[in-house]
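For reference, the chains in residue letters:
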Amino acid sequence: MARLTLTDIKKSFGETQVLKGISLDVQDGEFLSLVGASGCGKSTLLRIISGLEAADSGRIEIDGVAVDQATPKARNVALVFQDYALYPHMSVAQNMAMPLVMGRLPMRARLPGAKWLTPGHAQTRRDIAAKVQQVAEQLRIAHLLDRRPAALSGGQRQRVALGRALVRDPSLFLMDEPLSNLDAKLRVEVRREIVELHRKSGLTFVYVTHDQVEAMTMSDRVALLQEGHLLQVGPPGTLYGDPASVDVARFIGSPEINLLPVRAAGQGLQLAGQVLPVASGQPAGRDMMLGIRPEAMRLAGTDGAGGPAFELEVLRHGVEDLGGELVVHGALAHAPDMTLRLRVQKGPDAAVPLHLPERFTAEVPMAALLLFGADGQRVALGQGAAAPVEVPA
Amino acid sequence: MSALATLKRRQSRLAYAFVAPAVLLILLIYIGPMIAVVLASLTDYTLISDYWEWVGFDNYIKMFGDAQFGNALRNTAVYAAVFLPCAFVIPLWLAISIQKRKRFRSFFEILYFMPVTSTLTAMALVWSALMDSRQGILNEWLGNIGIGPVNFLGSPEVVLFSLAGISLWAIIGFNMVLFIAGLTAIPRSLYDAARIDGADHPVDEFLRVTWPALAPTSVFVAVTSSITAFKLFDTVAILTQGQPAHASEVFLYLTFLEGFEYFNMGYAAALSVFFLGVIFVFALIQTLMADRAAQ
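Residues numbered from 1 in each chain as written. Chains lettered and ligands numbered in written order. Predicted model: local features only at pLDDT ≥ 70, side-chain atom pairs only at ≥ 80, totals over all residues. Heavy atoms only, no water.

Each helix and strand in chain B was counted, giving 13 helices and zero strands. Its helices and strands taken in sequence order, chain B reads α-α-α-α-α-α-α-α-α-α-α-α-α from the N to the C terminus. Computed over its C-alpha atoms, the radius of gyration of chain B comes to 25 Å, more than 25% above the 19 Å expected for a compact globule of 295 residues. In terms of overall dimensions, chain B has a C-alpha envelope of 70 × 65 × 30 Å along the principal axes. Sorting the 295 residues of chain B into buried and exposed places 36% on the buried side. A fraction of 67% describes how many contacts in chain B between residues 6 or more apart in sequence connect residues 24 or more apart. For chain B, the exposed area adds up to about 16,800 Å²; of that, 70% sits on carbon and sulfur atoms. Counting 17 positive and 19 negative side-chain charges, chain B places the averaged centre of each group 17 Å from the other. (Helix = DSSP H or I, 4+ residues; strand = E, 2+ residues; numbered from the N terminus. Rg over C-alpha atoms; globule rule 2.2 N^0.38 Å. Buried < 20%, exposed > 50% of the residue type's maximum accessible area, 1.4 Å probe, protein only. Contact = heavy atoms within 4.5 Å. Areas by Shrake-Rupley, 256 points an atom, 1.4 Å probe, with all protein chains shown as cover. Lys, Arg positive; Asp, Glu negative; His and termini not counted. Charge placed at Lys NZ, Arg CZ, Asp CG, Glu CD.)

Here the focus is the pairing of strand S20 (residues 370–373) of chain A. Regular strands place their side chains on alternate faces of the sheet. Residue and element names in this part refer to chain A. Of the two faces of S20, both are covered, the one formed by Leu370 and Phe372 as well as the one formed by Leu371 and Gly373. Relative to S20, strand S14 (residues 287–292) runs antiparallel, the two sharing four bridges. The partner of Leu290 across the bridge, within S20, is Leu371. Direction of pairing for S20 relative to strand S21 (residues 378–379): antiparallel, over a ladder of two bridges. By the bridge assignment, Leu371 is partnered in S21 with Val379. Linking S20 back to S21 in an antiparallel pair, the connection comprises four residues, with Gly376 at a positive phi of about 90°. (Pairing = 2+ DSSP bridges.)

The next thing to look at is the interface of chain A and chain B. Counting from both sides, the interface comprises 28 residues of chain A and, opposite them, 18 residues of chain B. For the pair chain A and chain B, the summed buried area comes to about 1,900 Å², and 61% of that belongs to carbon and sulfur atoms. Taken together, the elements giving at least two residues each to the side of chain A that touches chain B come down to helix H1 (42–50), helix H2 (72–75), strand S6 (77–80), helix H3 (92–104) and helix H4 (107–110) of chain A. For the side of chain A that touches chain B, the element with the most residues is H3 of chain A, which contributes four residues. Broken down by class, the residue content of the side of chain A that touches chain B amounts to 18 nonpolar, four polar and six charged. (Buried area = accessible area lost by both parts, 1.4 Å probe. Nonpolar A, V, L, I, M, F, W, Y, C, P; charged D, E, K, R; others polar.)

This part covers the nonpolar core. Residue and element names in this part refer to chain A. Counting 72 residues, the largest nonpolar core has Leu4, Leu34, Leu45 and Val206 as the members making the most contacts within it. Beyond its immediate stretch of four places on either side in the chain, Leu34 contacts Leu24, Lys42, Leu45, Val206, Tyr207, Val208, Thr209, Ala223 and Leu225. Core analysis: the second largest hydrophobic core is formed by 39 residues, Leu105, Val135, Leu145 and Leu182 among them. (Core = buried A, V, L, I, M, F, W, Y, C linked by side-chain atoms within 4.5 Å.)

Turning our attention to the domain arrangement of chain A. Domain assignment breaks chain A into domain 1 (4–241) and domain 2 (256–390). Using C-alpha coordinates to define each centre, domain 1 of chain A is positioned 42 Å away from domain 2 of chain A. (Domains from an automatic or database assignment.)

Residue and element names in this part refer to chain A. Looking at chain direction, strand S1 (residues 4–13) and strand S4 (residues 57–62) are connected through five bridges and run antiparallel. Along S4, the bridge assignment pairs Thr5 with Glu61. Relative to strand S5 (residues 65–66), S4 runs antiparallel, the two being bridged by two bridges. Residue pairing across strands places Ile62 opposite Val65, the latter belonging to S5.

Another point: the packing of helix H7 (residues 159–184) of chain B against helix H10 (residues 215–230) of chain B. Residue and element names in this part refer to chain B. One way to put it is that H7 packs onto H10 with a least axis distance of 10 Å and a crossing angle of 165°. Between H7 and H10, the angle falls in the class roughly antiparallel. You can see that H7 and H10 cross each other, and the crossing is right-handed. Side by side, H7 and H10 meet where Ile171, Asn175, Leu178, Phe179 and Gly182 of the first sit next to Thr217, Ser218, Phe220, Val221, Ser225 and Thr228 of the second. (Axes fitted to C-alpha atoms, helices over the stretch in contact; angles between N-to-C directions. Parallel < 35°, antiparallel > 145°, perpendicular 65-115°, else oblique. Left-handed = near helix turned anticlockwise from the far one by under 90°.)

In this section: the packing of aromatic side chains. The description of two aromatic rings rests on the distance between their centres and on the angle between their planes. Under the criterion given, the structure shown has 22 aromatic pairs over all chains. Ring centres of Phe31 of chain A and Tyr207 of chain A lie 5.7 Å apart, and the angle between their planes is 40°; on these two criteria the pair is classed as tilted. Within this pair, whereas Phe31 of chain A is found in strand S3 (residues 31–35), its partner Tyr207 of chain A is found in strand S8 (residues 204–209), the two being separated by 176 residues in sequence. Of the two residues examined, Phe31 of chain A and Tyr207 of chain A, each falls in the buried class. Where Phe251 of chain B meets Phe275 of chain B, the ring centres are 6.3 Å apart and the plane angle is 15°; that geometry is what we call stacked. You can see Phe251 of chain B sitting in helix H12 (residues 251–261) and its partner Phe275 of chain B sitting in helix H13 (residues 265–294), a full 24 residues away along the chain. Owing to a relative accessible area of 14%, Phe275 of chain B belongs among the buried residues under this scheme. Counting every residue linked through ring pairs, the aromatic cluster contains Phe64, Phe69, Phe230, Phe251, Phe274 and Phe275 of chain B. Here the basic side chain of Arg293 of chain A rests over the ring of Tyr240 of chain A, its NZ or CZ set 3.9 Å away from the ring centre. One residue, Lys62 of chain B, lies across the ring of Tyr267 of chain B, its end atom 3.9 Å from the ring centre. (Phe/Tyr/Trp six-rings, centres within 6.5 Å; stacked < 30°, edge-to-face > 60°. Lys NZ or Arg CZ within 6 Å of the ring centre and 35° of its normal.)

Right, let's get into the confidence of the model for chain A. Residues and elements named next belong to chain A. Of the residues in chain A, 94% reach a pLDDT of 70 or more, and the chain-wide mean stands at 85. For chain A, the element scoring lowest by mean pLDDT is strand S22 (residues 389–390), at 40; S3 scores highest, at 93. Here residues 383–393 is a poorly scored stretch, pLDDT under 50, and it has eleven contacts once near neighbours within four places are set aside; other chains count. (pLDDT = per-residue confidence, 0-100.)

A few words on the sheet that holds strand S18 (residues 335–345) of chain A. Within the open sheet, the five strands sit side by side as S15-S19-S16-S17-S18 (chain A). Their pairing is antiparallel. A strand with exactly one partner marks an edge of an open sheet, and here the two such strands are strand S15 (298–299) and S18 of chain A.

All names here are of chain A. By secondary structure assignment, the location of Glu177 is in the loop between strand S7 (172–176) and helix H8 (184–201). The buried category is assigned to Glu177, whose relative accessible area is 8%. Ignoring any residue separated from it by four or fewer positions in sequence, one finds Glu177 in contact with Lys42, Gln82, Val208, Thr209 and His210.

This part covers helix H6 (residues 122–138) of chain A. Residues and elements named next belong to chain A. Helix length check: H6, at 17 residues, gives a terminal C-alpha distance of 24 Å against a target of 24 Å (1.5 Å per residue), a fit within 8%. Taken residue by residue, H6 has Ile128, Lys131, Val132, Val135 and Ala136 as its buried positions. Projected down its long axis, H6 carries its buried residues within an arc of 130°, all on one side. As for H6, its buried residues are in contact with H3 and helix H7 (154–166). (Expected span 1.5 Å × (residues − 1). Arc of directions from axis to C-beta.)

If you want it as structure tokens, here you go:
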């Protein structure tokens, strides 16, 4: 149980600055995901938290105690590696016992053959074995304790890696893309188990992933990193529905958010020859980006939530049938270079193919719009919507 | 059905035709000579006479009663006892220290590997000059610190150590490169995991990660070095010819003497068969251990 505080962490490798001043507060017992594209610095940040890597500047505190100079051992952090990093020559039991053996037995009792030469530590050894057994049962790998990692499946290795991290009662539980080597089905399963593990253990989790779905589904809060900067930290819903910048909006959500270039006009927003009745509150002529989530749009004529909305004419390009819903790829009818993605629910009978004409009308509720300035920062929408105005092309 | 059988027969005939050249070569180059040596060891064939006859196991019986055979085995064992531990530990230590370096790493690799690329027969002459009991530079250095002079190649007590030293100089670079290759293959994340688990002391790191992961390389180095030790011949032939007083007469040199100096080809063949047996045991150990490591 611990609270983690990072203050202005900077790190460079040679000429490249990987972390450009990260400040972050992780509450006691919180599950925080560090998410970002590959190369954004998230793994480096995790290594700095664990103590495997030293930061160039900044402060790391665990429970208010500065640990910048402390070894990983002294920080008492557990880290689950992407490739699990199990010791191939040791049995599962030996792998899991490793942190305890290192922590509880003195050097002379750890040397080869010391088991018979230092009988004084028999009780400690029994305690370690009991703890390993208990954690193995908790993770349902007790029947694998005698095997070598090579004889285990990917999912089992994953559990052993979790077990090795759990036996020591760590202050922080760090995970570096632990699910990326599992197949899709198993990934969803283990995802649930890790969340359950977090709930039961009450430990502070820091979870690194490039997969926004993992970050969204598992965490209390998500920290989105891009090119060494923290873009936004908040609950998954906030990052999705209330993104601070266009980069956040683009990264979070699949399929990707629709971003349309618009220009502030007197009455609303001008979108490729069409003026949308959206009051932006911005001076006329200013270029902006309008963000619409794919599932926020609906086909005109279908039932949907009330509230003011406007319509877009869409040319259909392609349709991906996901079973319960469709992902429609298309473009604006009067501006074919502006592509759009829509997510459409199929309705109660998924077996019936949903017929979608070549050209259709999509309805966009005002409430779902996200507006970004030219600098990518979020712009609050003005109140009150004007009536739609058609501008001759 | 019969068409399928014909096809199968034709295919297997083709397959045999493809492997035939390789099989012939192996028979001609390896198996044939081995059989010839075994047969020769059962005769009293000499290089100076056309007449020979089968003598059964007489050569082997003679071998185990031969004082020279015992002496050669003893010399080889003493030499190996000096050579082997050094040929293992020094390259391992060098590999670990060099692998950790960021700068000059390739410089040291090349430096230590250079003797491997040189011709040992030529370098042996250089060593004989260095080790000369009167004008050798080694004795001059030893003299400067008040030791010696040591008769490196002329003293029965020292000569095996001197030969081991030369062989070490020639093999260290090779074994070091093998160990470096083994070390490079250890995933970095294992060391990271060890540090997280608290095994950050160099001793723990070596015992828990490096040494176990190097096991297959170690077996290979140990076995190939053992074979090298048993095969010692060229430096002996050039520098000492088994002297002084048979003190450097190692096994392979004795075989050479019996065959090409005393012309006792039958007896030399028996010694060769014994030699083959020893090498076979080493190779067997290597193969079995490698198989176990692979599992």
